[in-house]
Structure formats: C-alpha cells, structure tokens
Amino acid sequence: MSGRNLLAPERVGVLGGGRMGAGIAHAFLLAGSQVVVVERDEPTAAAAGERIRESLRRSVERGSTDQTFDELEALLSTGADTALFADRDLVVEAVPEDRALKVDSLRRIEAAAPGAAVASNTSSISIDDLAASLDRPQRFLGLHFFNPVPASSLVEVVVGAATEQELVDDARGWVEALGKTAVVVADAPGFASSRLGVAIALEAIRMLEEGVATAADIDAAMELGYRHPTGPLRTTDIVGLDVRLGIAEELHAKLGDRFAPPQLLRDMVADGHLGRKTGRGFYEWSE
Ligand SMILES: NC(=O)c1ccc[n+]([C@@H]2O[C@H](COP(=O)([O-])OP(=O)(O)OC[C@H]3O[C@@H](n4cnc5c(N)ncnc54)[C@H](O)[C@@H]3O)[C@@H](O)[C@H]2O)c1
C-alpha cells in the first residue's frame with residue numbers, strides 16, 4: 001500500500017532536523033511523501049533520523065497510521081548536503097531563528113532545488129524580509145507549524161507580497177493532506193497566532209499586576225468562560241516567560257504600545273522565573 005495522500009507533495013526536503021524539522025518530516029511521511037532531512041553535519045543528520053524513526057514507531061504503535069513502520073521508514077532519508085534537495089517539490093527550512101542563518105539557508109535551498117517551492121517555518125521573521133534575498137520570491141512563503149507538530153492541528157500559511165496565488169492554494173492542500181487546518185495570513189508581525197496569544201497573555205499579566213484576580217482565577221476565567229484549553233498565564237509558563245517577553249518586545253517595536261511588556265514580566269524574567277523550564281513562573285512546577 002503506498003498510502004500517499006494525493007494532495008501531499010511527492011518529494012519533500014526539510015533543512016534542520018531539530019524539534020520542529022523532525023516533527024515536520026514526520027507529518028509529511030505519514031501523508032506518504034518521500035522526505036529527505038538535511039542537517040549541518042552527518043552525525044547530527046543521523047541523530048535526527050533516529051528521532052524521526054522513533055516517532056514513526058510511536059505513530060504505528062498508537063495506530064495513527066495504516067502504514068507499517070517499514071513502509072514509512074523507506075520514505076525517509078537524511079544527509080548533510082543540500083544537493084539532496086535537487087529533485088524536491090517542496091523544501092521547508094527549519095533552522096534556528098536567526099535572520100542571517102535563515103537567509104543563507106534559503107539561498108542555498110533555492111540554488112540546490114530549482115523546481116521546488118520553498119517555505120520557512122520562522123515564527124517571527126518577516127517573510128518579505130527573507131524573500132528580498134531570494135531569486136524566486138514568488139515560490140516562497142511561510143509555513144508556520146506549531147510545537148509539538150504531531151499533536152497540533154494548525155499551520156499558518158504566511159503569504160508574502162510576492163508569493164503567487166497558485167503556491168498559496170497548493171500550500172492549503174498540503175496542510176490538509178497532513179490532517180491539519182491551514183490559516184492563511186498576510187506577512188504581518190506575529191502573524192495571527194502569536195499576535196493574539198501574546199495580546200491576551202500581556203493583558204492577563206497586567207491584571208495580575210493590578211491585583212484584579214489570582215493567576216488561577218484569571219486562567220479559569222478563560223478556560224471556563226471561553227473554553228480555552230489552557231489559560232493565558234499557564235500557557236505563558238509552558239511557552240517560557242523569556243520567549244514571550246522576546247515576542248512582546250518585537251511586537252511592541254513594530255505595532256506600538258499595546259504590546260509594551262508589563263513590568264511584572266520583565267522582573268520575573270530578570271529573576272530567572274521563566275516558567276515550567278525553571279520550575280517557577282506564574283505557577284510552581286515540579287518534575
Ligand atoms: N520550538 C518551537 O516551539 C517552534 C514553534 C514554531 C516555529 N519554530 C521555529 O522553527 C525553527 C526551528 O526551531 P526548533 O525549535 O526546531 O530549533 P532546534 O534548535 O530544535 O532545531 C534547529 C535545527 O537546525 C539545525 N541546523 C542549524 N544550522 C543548520 C544549518 N546550517 N544547516 C542545516 N541544519 C542546521 C540544528 O542542528 C538543529 O537540529 C525556528 O525558526 C523557530 O522559530 C519553533
């Protein structure tokens with residue numbers, strides 16, 4: 001059984017096999033695409049391959065695919081050379097969030113994969129800014145996956161000024177092939193998800209600062225009143241207060257004072273209370 005979803009691209013490349021790249025590779029493999037993951041060197045590529053195989057094994061054990069492990073594994077290859085992208089239909093860039101590294105990586109992808117659509121998984125860098133360094137900006141867009149990729153049902157399709165409509169339509173189909181929902185957004189700071197998520201979190205922190213309610217009650221108001229699965233303060237603990245402060249600072253610079261980080265957030269980050277990863281944020285977290 002081939003198992004290929006006809007909407008999925010046949011040959012996919014992923015540059016960077018870390019947390020997100022491995023998840024993106026896993027998602028396309030389950031949809032039946034052939035996937036090559038390229039890392040910065042061979043040992044890192046082999047380690048990424050092992051992590052992806054492990055998650056494929058788990059998907060097979062959980063029954064989330066009809067395919068066997070052997071069938072899925074046969075679709076995966078890894079390496080350390082972007083020349084492996086030569087025959088790809090789509091290449092997704094998932095290297096760390098560093099503008100210069102992304103520009104260099106995207107230019108290398110474009111040169112290595114002349115027939116491919118190219119996507120960046122950036123969570124904060126402007127697609128138009130990245131597109132300015134490319135020769136084929138019309139074949140470039142953002143595919144913003146969420147962490148952890150297998151459990152998340154959303155992908156933001158971020159459309160640059162030069163992105164052609166045909167690519168946007170294809171991207172919607174690819175996301176659908178992964179069993180996820182595409183939200184199409186223009187290239188605006190924070191896209192849709194970070195902008196709204198951070199806006200609610202900053203207001204919740206200001207309410208805590210002003211003594212309006214306790215953290216647990218503020219979260220309960222959103223969980224029970226608006227059916228958010230997790231309240232804004234607990235979510236901030238999970239994401240990391242430092243991560244949210246970074247995004248808020250960027251949105252403040254680009255969108256104005258409504259995103260000014262509250263003093264309480266700055267103080268907690270300065271004191272090392274970063275949320276779940278340090279054991280303390282708006283809540284206490286134990287192992
Ligand atoms: N982690 C999240 O929650 C999340 C969510 C959405 C989007 N993102 C975005 O996804 C991207 C990747 O984030 P991540 O969390 O997976 O990071 P990560 O550090 O887990 O993975 C990055 C990978 O890129 C590899 N890499 C570095 N330089 C490389 C190069 N020159 N060539 C090939 N590979 C290289 C690293 O070895 C590493 O495996 C970032 O742009 C990030 O903003 C992250």
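Residues numbered from 1 in each chain as written. Predicted model: local features only at pLDDT ≥ 70, side-chain atom pairs only at ≥ 80, totals over all residues. Heavy atoms only, no water.

Going by the annotation in an unreviewed UniProt entry, the name recorded for the chain is 3-hydroxyacyl-CoA dehydrogenase family protein, with Microbacterium capsulatum given as the source organism. For the record of the chain, the UniProt heading Sequence similarities (unreviewed entry) holds the text "Belongs to the 3-hydroxyacyl-CoA dehydrogenase family." (UniProt positions renumbered as here; feature names shortened; annotations may be inferred.)

**Student:** How do you make sense of the UniProt feature "domain: 3-hydroxyacyl-CoA dehydrogenase C-terminal" (unreviewed entry) in the chain when you look at a structure like this?
**Tutor:** Per the UniProt annotation, the sites labelled "domain: 3-hydroxyacyl-CoA dehydrogenase C-terminal" (unreviewed entry) are residues 190-285. Spanning residues 190-285, this segment combines 61% helix with 0% strand, and its end C-alpha atoms are found 28 Å apart. (Helix = DSSP H or I, 4+ residues; strand = E, 2+ residues; numbered from the N terminus.)

**Student:** Sorry, what's going on with the side chain of Ser105 here?
**Tutor:** Relative to the helices and strands, Ser105 resides in helix α4 (residues 99-112). Accessibility expressed as a relative area gives 1% for Ser105, which makes it buried. Of the polar contacts made by the side chain of Ser105, one reaches the backbone oxygen of Leu101; its length is 2.7 Å. Filtering out sequence-adjacent residues up to four positions away, Ser105 remains in contact with Leu15, Glu93 and Val95. (Buried < 20%, exposed > 50% of the residue type's maximum accessible area, 1.4 Å probe, protein only. Polar contact = N/O pair within 3.5 Å; in protein donor to acceptor, adjacent residues only side chain to side chain. Contact = heavy atoms within 4.5 Å.)

**Student:** So what exactly am I meant to see when it comes to the site of the ligand here?
**Tutor:** Contacts to the ligand come from 23 residues, most closely from Met20, Glu39, Glu97, Lys102 and Ser123. Taking Arg40, its side chain carries an N or O atom lying 2.8 Å from an oxygen atom of the ligand. At 2.6 Å from an oxygen atom of the ligand is found a side-chain nitrogen or oxygen belonging to Lys102. Against a free-state accessible area of 830 Å², the protein chains account for coverage of 76% of the ligand. For the shell around the ligand, the elements supplying multiple residues, two or more each, are α1 (19-30), α4 and β6 (140-145). (Near = heavy atom within 4 Å. Areas by Shrake-Rupley, 256 points an atom, 1.4 Å probe, with all protein chains shown as cover.)

**Student:** Can you walk me through the UniProt feature "domain: 3-hydroxyacyl-CoA dehydrogenase NAD binding" (unreviewed entry) in the chain in this structure?
**Tutor:** Residues annotated by UniProt as "domain: 3-hydroxyacyl-CoA dehydrogenase NAD binding" (unreviewed entry) correspond here to residues 12-187. Annotated as residues 12-187, this span is 40% helix and 22% strand, and its ends, taken at the C-alpha atoms, are 24 Å apart.

**Student:** Mind showing me how you'd approach the packing of helix α10 (residues 241-255) against helix α11 (residues 263-270) here?
**Tutor:** For any two helices packed against each other, the geometry comes down to the angle between their axes and how far apart the axes lie. Across the interface, α10 lies against α11 with an axial gap of 10 Å and an inter-helix angle of 135°. Between α10 and α11, the crossing angle belongs to the class labelled oblique. As for the relative orientation of α10 and α11, their crossing is left-handed in sense. Only Leu265, Arg266, Met268 and Val269 of α11 make contact with α10, whose side of the interface consists of Leu241, Asp242, Leu245 and Glu249. (Axes fitted to C-alpha atoms, helices over the stretch in contact; angles between N-to-C directions. Parallel < 35°, antiparallel > 145°, perpendicular 65-115°, else oblique. Left-handed = near helix turned anticlockwise from the far one by under 90°.)

**Student:** Looking at this structure, how should I read the packing of aromatic side chains?
**Tutor:** The geometry of two aromatic rings is summed up by the distance between their centres and the angle between their planes. Applying the stated rule across the entire model yields 0 aromatic pairs. Above the face of the Tyr283 ring, Arg234 is positioned so that its terminal group lies 4.0 Å from the ring centre. One residue, Arg276, lies across the ring of Trp285, its end atom 5.8 Å from the ring centre. (Phe/Tyr/Trp six-rings, centres within 6.5 Å; stacked < 30°, edge-to-face > 60°. Lys NZ or Arg CZ within 6 Å of the ring centre and 35° of its normal.)

**Student:** Explain the sheet that holds strand β7 (residues 154-159) to me, please; I cannot follow it from the model alone.
**Tutor:** Think of a sheet as strands paired side by side through backbone hydrogen bonds, with each pair either parallel or antiparallel. Strand order in the open sheet made by the 8 strands is β3-β2-β1-β4-β5-β6-β7-β8, with mixed pairing throughout. If you trace the sheet from one side to the other, it starts and ends with β3 (76-79) and β8 (181-186), each paired once. Each strand axis lies, on average, 25° off the axis of its neighbour in the sheet, ignoring direction. Here strand β2 (residues 34-38) runs beside β3; their pairing, made up of 4 bridges, is parallel. From the neighbouring strand, Val36 faces β3, where its bridge partner is Ser77. Here helix α6 (residues 165-177) sits on the sheet in contact with β4 (90-93), β5 (117-120), β6, β7 and β8, set at roughly 25° to β6. (Pairing = 2+ DSSP bridges.)

**Student:** Would you mind going over unusual backbone geometry with me for this structure?
**Tutor:** The bulk of non-glycine residues show a negative phi, and the bulk of peptide bonds are trans. A cis amide bond links Asn147 to the next residue, Pro148, at an omega of -5°. Tracing the chain through its elements places Pro148 in the loop between β6 and β7. Its identity is not glycine, yet Phe191 carries a phi of approximately 45°, on the positive side. Mapped onto the elements, Phe191 comes out in the loop between β8 and α7 (193-209). At Arg227, a position not held by glycine, the phi torsion is positive, near 60°.

**Student:** Before we go on, may I ask you to explain the pairing of strand β1 (residues 11-15) in this structure?
**Tutor:** Strand residues, when the strand is regular, have side chains that alternate between the two faces of the sheet. Across the 5 residues of β1, 4 count as buried, placing the element largely inside the fold. Strand direction decides the pairing type here: β1 and β2, joined by 5 bridges, are parallel. Opposite Val14, over in β2, you have Val37 as the bridge partner. The β-α-β motif built from β1, the intervening α1 and the parallel element β2 has right-handed crossover chirality. Across 4 bridges, the pairing between β1 and β4 is parallel. Each bridged residue has a counterpart across the sheet, and for Val12 the counterpart in β4 is Leu90. (Right-handed = clockwise from strand over helix to strand, strands pointing away.)

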